[in-house]
Every structure is written in C-alpha cells, then in structure tokens.
Amino acid sequence: MSEHRRRSSNPGGEEPSGREADGGRPYAYGNPPEGAPSYGRGGERPSGGRPTAQQPRLTRAEMRRQQGARGGAGAGGGNARRGAAAGATTVGRNGKPAKKRFIDYPRFGKTGFRRWIPSWKLQLSTLLLFFGAGVGAVGVAYAMTPIPDLNKVVESQNNIYYWADGSEMTRQGDTNRQVVELGDISKDLQNAAISTENATFWDDSGIDPKGIARAVYNMATGGETQGGSTITQQYVKNAYLNQDQTLSRKVRELFITLKVNQEDGKDKILTGYLNTSWFGRGATGAQAAAQAYYGVNAKDLNLCQSALLAGLLKGAALYDPATSPANHERAVKRWNEVLDRMVTTGAITKEKRATCAAFPEPVEKKPPASMNGQVSYMVELANKYLMSKDKTITEAAIAKGGFQVHTTFQKDKVEALKKAVDDFQADTLKPDKREKDKFVQIGAATVVPNDGAIVAIYGGPGVEQGHHTNNADTLGVPVGSTFKPFVLAAAMQYGVQTETGNDGKPKRINADSRYLADDKSEIHKLDGSPVIGDDGKPYHQKNSGSSNPGYVSLREAMRYSYNVPFVQLGQDVGTKQVGTLVEQMGLRKESLTDSSTTTFPLGTSTPSAIRLASAYSVFAARGMQTDPYSVSKVIRGGVELKTFAKPTPKPVLEEVVADNVTDVLTTVAKIGTGEKTNALGRPIAGKTGTTDGGKSAWWVGYTPSLVTSVGMWREEAGKPGLLTLDGTAGKDEVHGGDFPTDIFTRYMKTILNGQPKETFPKPGEIGEQVDSSGAPATASASATATATTPVPDPTTIAPTVPSLSPSAPATPSNSPSPNESCLLPAPLCPSGSPSSTRTKPPKPTGSGTGTGSPPATEPANGIAANPGQN
C-alpha cells in the first residue's frame, strides 16, 4: 500500500481517532486492539518492516465483531446492543472467537423468550430427522412383518362348554371348511361379494386410508370399532389376525395387507377371501356355505342364491333367514340390496336382476348331534352373552374356537324343567286329534335372585326337531297381567299423583287402597276428564269376565286379576313412571311398548321369559336388581378373560316396597288365580298373565331363592304371528292359571323335593290407604276383609280348592258380591251398571257401560293390544 494512502489527513499533528488512523481509514473499522502500536503522526515506526506485515488487517466479520465489542463498552442504540450480545456469546475468555455449537439451542445471542424459540434451520432439521426416522422404522417393520402360513392360521379348535358344577356339557367346533379354487366358485358369487363389499377391488391398492383412520380414531375415542373396508383387508383379518380391536393389530393388518397386495395377485386374494369368510351354520368358505344353505357345490350357485350368501358376509347371525322371523325379514331386505348393488356396479343387467323375483329359501339347518335337546339353546345363549360382553368376540371368532366357557346352567334343574314340559304335553296335548293342540310353543327360565345366574331354561323341543328359535329368549309374545305387580310397585314407590302428602309429593299407597273394578268402567286422566279412545269416545276398560264387584282393594284386584283397577292406577301413578321402573328392574327398552298408552299396565310389552323372571327377582331379592347372566368364566389360550366378572346387585326398589308386593303376590298363589301352586305345600308368590284373544298365557312364580317364568303361545314355524290358544287341550279359554302354572308346579315339585321350606319376610308398613275418587266413605265388607283377614297357610288348604279361573262364572262364589257386601242404604248400593248406582264424583275413576276403542296400543306385529286378563 502506498505512503500516500497511509498519510494522515490530519495536518494539525493531533492524535488521530480510530477512524482517522492509517491515513484516514479506520483500523479494522475501529480502534486498534489493546497492545497494538499507534501510528499516528509523529509516532515511531517499528523496526523490522512495514507495520501491516506485523499486524494484518482483520476480515470484515472480525471487524463487525470488533464494532460490536465497542458498542457493548459504551455505544448506545439497538445495533450496539445486538452487537454486544453477539460479541459476548462468540468471544471466548482468551479473546478468541468461541467455538460454534452443533445444536444452537437455547439460542446464543438471543434474550428473553426468543432465546427459547428454535431457529427455522433447527425446526426444519428436526422435522426431517423425525420424518426420516419414521420412514426408516416403517421400512424396518414392513420388512420384518412376515405373511403367516395360511394353512396354519386357519386351523380351528373346539369350544368347550361346562355346567355350573364344572362338568363338561358339550363341545362345539366341527367347523365345515373346504378350500376350493376360484374357478370352482360361482362367478355370480364372486361378483356379488365384490359389488357389496369392495366395488373397487380390481383397481385399489388393497387398503382404505380413510377407513383405517376412522377405525384408529374410534378406538382412540372409545367409539364403535370397525373392520377393514376392502376385501384385501378383510381377507387378512379373517386369515391372519385375531379379532382384537387394538392399534398394534391395525398396524399389523396394514403391513400384511400391503405385502399381500404386492406379492399376491387379485385372483389369489379373492380366492383366499371367499375361502376364509364366515357364512354361519358352521360354514367357513364359499364351498361349505353352498352345501350348508343349498346343498350344492359353490360352482353351481345361481345368481339368486349367490346374492343371499353375499349378504351373509355382513353378519351371518343377523341374516340367516331360517334362524328367526326377524332374521328372515332382514335377510330378504339384504338380498334385494345385494342384487340392486350388482346392477349399480354393472355386474349384472336389469334384465338378469329381474330373474330373481322369488326369495331363494335355504334348506333346513342340520345341527350336530352334540347340540341336541336343550344344549343348543344353552350354547346359543352363552355365545350371545360372550359377544355382548366382549365386542372382540364375534361369531367368526367363536367358530374358530379355543374358548373354555363355564356356564351358570345347573344340569339337574335343566333336566327337571324339560321333564315338566314333556310330561305336561304328554298328559294334556293331543296334536294328532285336536287341531288347536298343534304349534303350541313353551318357553321358560329360572333365575337366582340377588345373583342373576340363569340356572335353567326351556327353549323348545330341540334343533333336531326343527325348532331353532330359543323360546326362553324370544321377543314378540305379550306377557299380559304379569305386568300388574310392576304398576303396584310404582304406586308404592313413587305414590299416586291424585293426592299429595304433607311434603307436597305424590302420596304413597298400600295394598288396602280401593279402586273400582266393574267391567267396562270409564278410565280417567289426572284432571278427571275421561281418556279418549281412537274412536273419539271415552275409553271403557274391560275385565276378563263381566262381573261388577264395585270398589275392591288392590290386593283383591291382584288376586282376581281385574283389569280396570290397574289401568286406572296406571293413570294415577303415570304410565311413563311405570315404564321407567320396569327398565330399572331389568326389562329391555326394545321389548317395551309405548309407556304412554293407556293399556301399558296390562302387559302389552313382550319381554323374554329370561328377562321377565329377572325383573320378578327384584321382588324376591327385596328390591335388589342384578342383570341376568349365563357365563361365569371364560378361558382363552390358557388366560382367563377379565370381562366376565359377576354382575353387581344394585338397589331399585325400597325393601319395604318389594316385601309388600311379594305379600300381595302370595295371596295370588294361595287363594287367587295361581292356586295350583298350593300342591307344593310351601310359600309361593307369583302372578298369572293372559292376553286378549288368548294369544299367550304366563305364570311367574318364586320362592326366596328361585324365580321361574313360564310362557305359552301358539305359532306355526315359518309363519310369523301368534295363533289363539282358545280351544287348546279342549278348553274354551286358556289362562295363565291353567297350563303355565301347571308346568311350574311340576317343575318345582322336582327341584324342591327334600329342600327346607323358605318363608318370605314379613312386610313392614308402607304408605297409606288412598282410595280412588268415588269410593264409598265406608268400606264394603269384602274390602275390609281383604285388609284384615289373614290368608290361610297353603299347607292347611285342602287339595280341592274351588276353581278361580276367569273362565268360571262371572261372579265366583268367593269373590266380592256388589249387592251382598254393600253396607250403604239401598239406593246407594250398586246393582247392575256402575253408572246406575253412583253419583258421578267431581273426579270419578269409573262409570258407564260403553266400551269405546282403546287408544292405539297395538304392536307392529299385530298382536292384540288389550291383554291382561290373568
């Protein structure tokens, strides 16, 4: 560099500043470092050469750092502060620049919250690192996930079912599986399966990302789990994986599906899918299904048959048309959906679709010999319980086997119940001589109170006799007057809204409360206005007979099973209140008719024998409700499943309410419509039930330790709809106090033989006598006797008790007689018609002799909606 350039521009001889040193140019854009020589005017030049050779100029970056250091020493302004921070974090203690860190976090040179915000470089690097690691992990997992050996994973095992005492009941596991090539499966079945299950099968990648995401989300949020959406995914799940709905299983399913789709062709996948799918009836695969449903080979299935089998892929338990009327209805609907879908996807033409006009009914189901008698019904009930308690246990999983199922069924009681039914039928029914003795159906169940264990059922004559419906667990049969105790319990528990106590709440009543029981009495709402029937006229309720006993106690009304008092009591309590209570007592909502209807208290609902016995067990258990169960323990793969813990009892009724209802029901069994039970010679409580038109008859009876319900109806196989029981066994009318009570008594004689007598607890006081409006101020003699006269012990009653069947004369000799028992002046005593003997009160509960039409209560199946005689 020339001397001219180094010459100072300061001619005055003053010491130059940092910007003026070195000929007016700043020394490294600042003052010289400490210890560096000064070369202002007059300064001595060091010996040994030019000063620039001994002290080289700094780089621009170094100059900027120097500038920052100067700013930190005293310069102000934003730039100076930033320079100070930079200089402080990058210059070491020896004055040299600090070594730069690999990961600049927390960030050097930043203060406050900025120090903790990663730079964009760090964020991008982290994202790329995790992405790369994830891709690598997926690649490793994909590479290490093998495709299992199909022949090994589809092997089936037996399911073993045990009696309650631990002895073996039966084994189930003869799964029918026959693997065939795709060419041996009807093209119609192939197209039907693809059209309904995965229309894009031939073109997709084998997975449905949206379906997987939805399934993962549902599992994470506890929602309903779902299976694979594509045929490939379903095939992998059927053949290679268990039914666990877990995230790890979903990941394995994804990897195996990708591998199968990559390594196997579509034809091979479709072949595997149709050979491993569950079709019901013990059939796995198209060939086995074709034989089970139509007795033909898979290659010989026609379009109509193929559509039915394809519909079974959605759930054979729901769509096998031979299983139940409800299944048949669903199967027909599903069959039409499959055919229509085939037209939509172009698999068939509309013209070919038109050839399937008639539903292709399958052949009769042939069960294995090990499932004869009641065994098939008990195994079916146990399997239903397995699937209801553990959603990962499906029908296909059960068919695959490996379960050890310990049931609650007691062999001696099951055999005794079957013998009671068989003996009754042999002694009473003559189907070869009487037409009305044909198609008689009987269902029964026994439940343990305060435990819930189902210890015995009678489901029918057996699947080997062509009867596949479990009558103990069927819906659709109205239970009649067995519903009346629930109405009484609601009145005792919640009170009647017609009167209020000192606390302003509805007044709770007792069994001495009196209600009008005259036939064809008018029913009134809470405000005193009449209930209007569908015909627009006031509704009048009928009894079974035409007697007019006047006002009777609710105990007496239950004893004779009068309809009128309980329909009016239902209005006073609130029928919706009754509906809420019966649900709490264990009746399923789907079995109940609309609780707002007038005749709801008369048993228009259709719970099963099992559920009805379970609801009555609340009375026997003094108010404690326990859900019924048929399985006590399940072992799979040597491990006991934890989802089958014993149900926990919970209080539903007050103890005093349950005891008082039981006390009323002992009257029914001793001197009422259930008098046949006196042959047992021990305390029994229960209630009869009969429906309008004789469509069904029931008896539910119990001791403190067992509750048994017996139902009877007529229904021809394959023709849904109840037939009348009137005329059966030569009787003009059949009531609950007839045959169902007879079966119960035969059964209990056997299982209680040699057992100590159990007595019901003495009931405490409950509520008060609340008579319905219009009741005479002075009780009738009969009503008073009801409240004060003790019921005789059954062991002291002579075997020949007068018949109390409603088919007896209209006014039985021992029933209240309106004229004889009246203590009022003659003009006020009732004679023929209720309307002619009473002055209509401000808020009456019954008058008039008209009938009117009841409000709409008829169930969808057409069963009569005005039941409840007994």
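Rules used in this analysis
- Residues numbered from 1 in each chain as written.
- Predicted model: local features only at pLDDT ≥ 70, side-chain atom pairs only at ≥ 80, totals over all residues.
- Heavy atoms only, no water.
- Axes fitted to C-alpha atoms, helices over the stretch in contact; angles between N-to-C directions.
- Helix = DSSP H or I, 4+ residues; strand = E, 2+ residues; numbered from the N terminus.
- Parallel < 35°, antiparallel > 145°, perpendicular 65-115°, else oblique.
- Left-handed = near helix turned anticlockwise from the far one by under 90°.
- Contact = heavy atoms within 4.5 Å.
- Nonpolar A, V, L, I, M, F, W, Y, C, P; charged D, E, K, R; others polar.
- Pairing = 2+ DSSP bridges.
- Core = buried A, V, L, I, M, F, W, Y, C linked by side-chain atoms within 4.5 Å.
- Buried < 20%, exposed > 50% of the residue type's maximum accessible area, 1.4 Å probe, protein only.
- Patch = residues over 30% accessible without salt bridge, like charges linked within 9 Å, V, L, I, M, F, W, Y side chains within 5 Å.
- Areas by Shrake-Rupley, 256 points an atom, 1.4 Å probe, with all protein chains shown as cover.
- Salt bridge = Lys/Arg side-chain N within 4 Å of Asp/Glu carboxyl O.

Draft legend 1. Expanded view of the packing of helix H13 (residues 303-312) against helix H15 (residues 325-344). As a packed pair, H13 and H15 sit with axes 8 Å apart at the nearest point and diverge in direction by 110°. For the element pair H13 / H15, the angle class is roughly perpendicular. As H13 runs across H15, the sense of the crossing is right-handed. Contact residues: Leu-303, Cys-304, Ala-307, Leu-308, Ala-310 and Gly-311 in H13; Arg-334, Trp-335, Val-338, Leu-339 and Met-342 in H15. Its residues assigned to classes, the contact of H13 with H15 shows nine nonpolar, one polar and one charged.

Draft legend 2. Local environment of the packing of helix H19 (residues 411-428) against helix H26 (residues 739-751). Closest axis-to-axis distance for the H19/H26 pair is 9 Å, and the angle between their directions is 135°. In terms of axis orientation, H19 runs oblique to H26. The interaxial crossing formed by H19 with H26 has right-handed handedness. For the pair formed by H19 and H26, the contact residues are Lys-413, Ala-416, Leu-417, Ala-420, Val-421, Asp-423, Phe-424, Asp-427 and Thr-428 on the first element and Phe-739, Asp-742, Ile-743, Arg-746, Tyr-747, Thr-750 and Ile-751 on the second. A per-class count over the contact of H19 with H26 returns nine nonpolar, two polar and five charged.

Draft legend 3. Representation of the sheet that holds strand E19 (residues 685-690). If you walk across this open sheet you meet the five strands as E8-E7-E21-E20-E19, and the pairing is antiparallel. Each end of this open sheet is capped by a strand with a single partner; those strands are strand E8 (454-458) and E19. In this sheet, neighbouring strand axes are inclined to one another by 10° on average, regardless of whether the strands run parallel or antiparallel. Where strand E7 (residues 440-447) lies against strand E21 (residues 707-714), eight bridges are found, and the strand directions are antiparallel. Its bridge partner lying in E21, Gly-443 is registered against Gly-711. Across the sheet, H26 touches E7, E8, E19, strand E20 (696-702) and E21, and the angle it forms with E21 is around 140°.

Draft legend 4. Geometry of the nonpolar core. Judged by nonpolar contacts, the single largest core of 117 residues is most densely connected at Ile-457, Phe-486, Leu-569, Phe-619 and Leu-653. Here this core gets nine residues from one element, more than from any other, and that element is helix H24 (residues 609-620). Dropping the residues within four chain positions of it, Leu-653 is found in contact with Ala-489, Gln-493, Leu-581, Met-585, Val-618, Phe-619, Arg-622, Gly-623 and Ala-658. Counting residues in each nonpolar core, the second largest holds 46 residues, with Val-180, Ala-298, Leu-308 and Leu-312 among its members.

Draft legend 5. The arrangement of the pairing of E7 in detail. With eight of its eight residues buried, E7 lies for the most part within the structure. What you see with E7 is no split at all: Val-440, Ile-442, Ala-444 and Thr-446 on one side and Gln-441, Gly-443, Ala-445 and Val-447 on the other are buried throughout. Where E7 lies against E8, four bridges are found, and the strand directions are antiparallel. Residue pairing across strands places Val-447 opposite Ile-454, the latter belonging to E8.

Draft legend 6. View of a nonpolar patch on the surface. On the surface, Trp-120, Leu-124, Leu-127 and Leu-128 cluster together to form a nonpolar patch covering roughly 480 Å² of accessible area. Examined against the element boundaries, Leu-128 turns out to sit in helix H5 (residues 120-144).

Draft legend 7. Quick look at the pattern of salt bridges. By the definition in use, this model includes 27 salt bridges. Here Asp-204 ties to Lys-266 by a salt bridge, and the two come within 3.0 Å at their closest N and O atoms. With Asp-204 in the loop between helix H7 (187-197) and helix H8 (209-221) and Lys-266 in helix H11 (residues 266-276), this residue pair connects regions lying 62 residues apart in the sequence. Like Asp-204, the residue Lys-266 is buried in the burial classification. Glu-654 serves as the salt-bridge partner of Arg-508, at 2.9 Å between the closest nitrogen and oxygen.

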